[in-house]
Amino acid sequence: MSAARVLVVDDNRDMAAGIAMLLEEDGFEAQVAYSGRSALAALEKREFALVLSDVRMSAMSGMDLLAAIRGRWPATPVILLTAYGSIDSAVDAMRTGACDYLTKPFDNAELVRVARRAIRAGAAGAGFDVAAVVGEVAAGVAAGDLLVGLRNALEVLMRATGADDGEIFLCEPEGRDPLLCVCSGPDDAAMVERTRFAIDLGYPGIVAATGTPLCVQGDLAGDARYLRRSVVDAGLRSLVAAPLPDARGVLGSIHLMSRSDGFPVERVLDLLQRAAVPVSSAIRAALGALRQAVDAFGDPLHESGRPLREILELIRQVAGAQYGTLALVDAATGRPNQVVSTGPASLICVHAEAGAWTSCQTVMAAYGFAANPGRREWPEGCRRGLPRRVASPCCLPLVTEGRLYGLVILDFGRGGAEDATGRLVPLLTMANQLAIRLRSAHAGFTVGADRESGDGARVADSAAPELELRCFGPFAIFRRGQPVSGDTFSRSKALTLLKLLALRAGAPVHRDVLSEHLWPEVEPQQGANRLHGVVHDLRSVIEPARDTRDWTYVRNRGEFYCLEVQAPIDIDLVRYRALAAKGLRGAPVAEAIAHLEQLVALYRGDLFEDDPFAEWCAAEREKLRATHVQTLKKLADLHAHQGNGEASLSLLRRALRAEPFRDDLLLAQMELLAQLGRTNEAVAAYDDYQRRLAVELDAAPSAGLRALRSRLLGTGSGRALG
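Below, the structure is looked at part by part.

Thresholds, definitions, all that
- Residues numbered from 1 in each chain as written.
- Predicted model: local features only at pLDDT ≥ 70, side-chain atom pairs only at ≥ 80, totals over all residues.
- Heavy atoms only, no water.
- Helix = DSSP H or I, 4+ residues; strand = E, 2+ residues; numbered from the N terminus.
- Rg over C-alpha atoms; globule rule 2.2 N^0.38 Å.
- Buried < 20%, exposed > 50% of the residue type's maximum accessible area, 1.4 Å probe, protein only.
- Contact = heavy atoms within 4.5 Å.
- Areas by Shrake-Rupley, 256 points an atom, 1.4 Å probe, with all protein chains shown as cover.
- Lys, Arg positive; Asp, Glu negative; His and termini not counted.
- Charge placed at Lys NZ, Arg CZ, Asp CG, Glu CD.
- Phe/Tyr/Trp six-rings, centres within 6.5 Å; stacked < 30°, edge-to-face > 60°.
- Lys NZ or Arg CZ within 6 Å of the ring centre and 35° of its normal.
- Pairing = 2+ DSSP bridges.
- Axes fitted to C-alpha atoms, helices over the stretch in contact; angles between N-to-C directions.
- Core = buried A, V, L, I, M, F, W, Y, C linked by side-chain atoms within 4.5 Å.
- Polar contact = N/O pair within 3.5 Å; in protein donor to acceptor, adjacent residues only side chain to side chain.
- Parallel < 35°, antiparallel > 145°, perpendicular 65-115°, else oblique.
- Left-handed = near helix turned anticlockwise from the far one by under 90°.
- Nonpolar A, V, L, I, M, F, W, Y, C, P; charged D, E, K, R; others polar.

Details of the overall build of the protein chain
Right, so step 1: If you tally the helices and strands in the protein chain, you get 26 helices and 23 strands.
Right, so step 2: Computed over C-alpha atoms, the radius of gyration of the protein chain comes to 28 Å, within 12% of the 27 Å expected from 2.2 N^0.38 for 722 residues, which places it in the range of a compact globule.
Right, so step 3: Across its three principal axes, the protein chain shows a C-alpha extent of roughly 80 × 75 × 70 Å.
Right, so step 4: The proportion of buried residues among the 722 residues of the protein chain is 52%.
Right, so step 5: In the protein chain, the share of contacts with a sequence separation of at least 24, taken over all contacts with a separation of at least 6, comes to 59%.
Right, so step 6: Summed over all atoms, the accessible surface of the protein chain reaches about 31,400 Å², with 49% contributed by carbon and sulfur.
Right, so step 7: If you average the places of the 81 positive and of the 89 negative side-chain charges in the protein chain, the two averages end up 2 Å apart.

A few points about helix H20 (residues 572–581)
Right, so step 1: Of all the residues in H20, the buried ones are Asp572, Leu573, Tyr576, Ala578 and Leu579.
Right, so step 2: Where H20 is buried, its residues meet strand E17 (467–470), helix H17 (493–504), strand E23 (569–571), helix H21 (589–602) and helix H22 (618–641).

As for the packing of aromatic side chains
Right, so step 1: One pass over the structure, following the stated rule, counts eight aromatic pairs.
Right, so step 2: Ring geometry for phenylalanine 472 versus tyrosine 603: centroids 4.9 Å apart, planes at 40°, classification tilted. A residue pair is termed long-range when its members are at least 10 positions apart, and phenylalanine 472 in the loop between E17 and strand E18 (476–479) and tyrosine 603 in the loop between H21 and H22 qualify at 131 residues.
Right, so step 3: Judged by relative accessible area, phenylalanine 472 falls into the buried class, the value being 1%.
Right, so step 4: On the accessibility criterion, tyrosine 603 (7% relative accessible area) is buried.
Right, so step 5: Measuring from ring centre to ring centre gives 5.7 Å for phenylalanine 608 and tryptophan 616, while their planes differ by 50°; the resulting arrangement is tilted.
Right, so step 6: A relative accessible area of 17% places tryptophan 616 in the buried class.
Right, so step 7: Every member of this aromatic cluster is reached through a ring pair, and the members are Phe472, Tyr576 and Tyr603.
Right, so step 8: One residue, arginine 13, lies across the ring of tyrosine 34, its end atom 4.0 Å from the ring centre.

A word on the sheet that holds strand E7 (residues 178–184)
Right, so step 1: In space, the five strands of this open sheet follow the order E7-E6-E10-E9-E8, with antiparallel pairing throughout. For this open sheet the edge positions go to E7 and strand E8 (214–216), each flanked by a neighbour on one side alone. Strand after strand, the sheet turns through a mean of 15° between neighbouring axes, direction not considered.
Right, so step 2: Summarising the sheet, strand E9 (residues 238–246) and strand E10 (residues 249–258) pair through nine bridges and their orientation is antiparallel. Its bridge partner being in E10, alanine 242 is matched across the sheet by isoleucine 254.

Details of the environment of arginine 577
Right, so step 1: Here arginine 577 shows up in helix H20.
Right, so step 2: The residues touching arginine 577, leaving out its near neighbours within four places in the chain, are Asp200, Leu503, Ala505 and Glu620.

Observations regarding the nonpolar core
Right, so step 1: Core analysis: the biggest nonpolar cluster contains 77 residues, and Leu469, Leu497, Ile542 and Leu563 have the highest contact counts within it.
Right, so step 2: Among the elements that make up this core, the one with the highest residue count is H17 (seven residues).
Right, so step 3: Setting aside its immediate chain neighbours within four residues, isoleucine 542 contacts Leu467, Arg479, Phe489, Leu498, Tyr553 and Val554.
Right, so step 4: Judged by nonpolar contacts, the second largest core, of 69 residues, contains Cys181, Phe263, Leu410 and Ala417.

A short note on the environment of glutamine 482
Right, so step 1: You can see glutamine 482 is positioned in strand E19 (residues 482–483).
Right, so step 2: Measuring from C-alpha to C-alpha, the distance between glutamine 482 and leucine 66 comes to 65 Å, with 416 residues separating the pair along the chain.

Some remarks on the sheet that holds E23
Either a parallel or an antiparallel arrangement is found when strands of a sheet pair, and the pairing is made through backbone hydrogen bonds.
Right, so step 1: Here we have four strands laid out as an open sheet, ordered E19-E18-E17-E23, and mixed in their pairing. Every other strand in the sheet has two partners, leaving E19 and E23 as the edge strands with one partner each.
Right, so step 2: Taken together, the three bridges between E17 and E23 define a ladder with parallel strand orientation. The residue bridging glutamate 468 from the neighbouring strand is aspartate 570, located in E23.

Structural notes on unusual backbone geometry
Right, so step 1: Phi is positive for alanine 59, which is not a glycine, with a value near 70°.
Right, so step 2: Mapped onto the elements of the fold, alanine 59 is located in the loop between strand E3 (50–54) and helix H3 (62–72).
Right, so step 3: Judged by relative accessible area, alanine 59 falls into the exposed class, the value being 83%.
Right, so step 4: Positive phi is not limited to glycine here, since phenylalanine 608 has a value of about 45°.

Here's the deal with the side chain of histidine 595
Right, so step 1: Mapped onto the elements, histidine 595 comes out in helix H21.
Right, so step 2: Separated by 2.9 Å, the side chain of histidine 595 and the backbone oxygen of leucine 579 make a polar contact.

Section: the packing of H20 against H22
Right, so step 1: H22 packs onto H20 with a crossing angle of 55° between their chain directions and a minimal axis gap of 12 Å. Relative to H22, the element H20 lies oblique. Where H20 crosses over H22, the two elements pack in a sense that is left-handed. Contact with H20, carried on its side by Leu573, Tyr576, Arg577 and Ala580, involves Glu620, Leu624, Thr627, His628 and Thr631 of H22 and no other residues of that element.
Right, so step 2: For the contact of H20 with H22, the class distribution of residues is four nonpolar, three polar and two charged.

This is the structure:
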């Protein structure tokens, strides 16, 4: 088979030659052109499987070249390369017809991967023009209303690919659960049966947690990761789920589903990944506009009281609700101390009035809730607590970084709202922005407070979860704030099983995998029999409804077991992963410091510190330790930038205790000590490090460290230190 022919276009001759050499080393046939016009001349003479073009070129830009190629050779895929990348230019490139977009400096392996994918997709010929469809998506998603734009995009994608059904999930603020925002197709009733997924649970949760796509062709029913059985029962057999990328993580995901075993999942995935660029841009712009609208009111606690009422009215209008109430809570009592309403009376429930937040699932889980008329379908707390005048409620907690500042309650009236659930993420974005604005002048109320006694036991309070698992440091279990001793279990493997399930955080695990970890020496059937007994022992201790066998925490479907993370359970590992996944690019320094301090506080020690030789968690333990050290370093840098040298120094020392032979950490510590005028301490730290390196690793400090010590001592050279 002949090599795929690629045309590389860049007016920087060295860059063009370097890219061509890289492609040839990977098996491509590469030809270079140093201008847009010479590229068009080359395309006149021969056929190319792909064009790679720089954007900023003299005479004819990469965008102009792209437009010319789309007009004359529409089947030839084009990838644009630029050192001036931005979301806006990416969207423009997609609208013009680029099949992908990379920003310099790019990773060589990524360039080759993207090139191969573009060529493979171009050769697949699945019946739709990817570039044209992406352009249509970009035009459709530009509608003024976010939900209308997302529906437009979904319909374009379904029509182009022949998918039977489609849906778009958006993640709640601060990296919380993905919610079903829009869906379309004959099976929409099956899709709306479950509209919320926890992070790392089900297809939406896994894509949100990992940022990687998922595909299954012809065997959706056999994939244990897919949790909506109603969709499988409707006959859907193939599915493609692609993330909606964002600089801070993942905004959500797009899913297309088909009843066909031959659904071209690879081709469809390529389309979704490219369409995700304009869709993500539209989502980011819409949510950003809502945050700015909240900010425009200025100080929400102005003595006139007008800003709170006006913000409530804005939220009501965006929701399309009839009435609304906004209540702030007192930091000491947790009860409302400032209430405004747009309707004839307050909509506050009796639980909020009493500060009894453990009765409110919405607040305890820090997520929004919307319900149609008919109290039978409402959560029990809402059925019993909301005033009788409320017909179709929507509750939005004002929460940021684990602290509750208040609550917005809306009522859509007897007619309900067709898209109330779809509007939850935009509404929660506004509520989260208001909470951020309140944070500077309002103490807030800690949700799920983690208060401890002197012996490390959690103090029981109204916010303590029903079940709490601590995976960092020695493994610990708490029920309603009180510790559960390991002696409570009759089988020692029950604790290990609970650790294994907590590590997977809701993802189902086959019984053979669990048996292999628990008893690697036994046959599968014998292991399955043992596992049955261990599961029974575990359930007998932690399950609240053992008599009825209505399992709350340890669930199983056939031969798969999982820990139900949507139950009233708090797992520090799950919270840590969600916080760590949240990006901080562009965040204010104070917000970044608060975020990183939460991560540091959660990390009480290495993962399952009481089981140091467990191979099944070794890789994750090392990954989390590396994340912890990096967090300490980032936090130290921020404190140093703020002029808080002592706090920065303490954090660097903690990082060095976790990773004692990291040259960069010691270098930062020595430089900080020098800035604080403590040169002797910096030199002493180097000398101690040098001794430990020699004794434990038979190694010497890096040249950078030696040079720094020499400068501190005034010798001017690091060579004499050997």
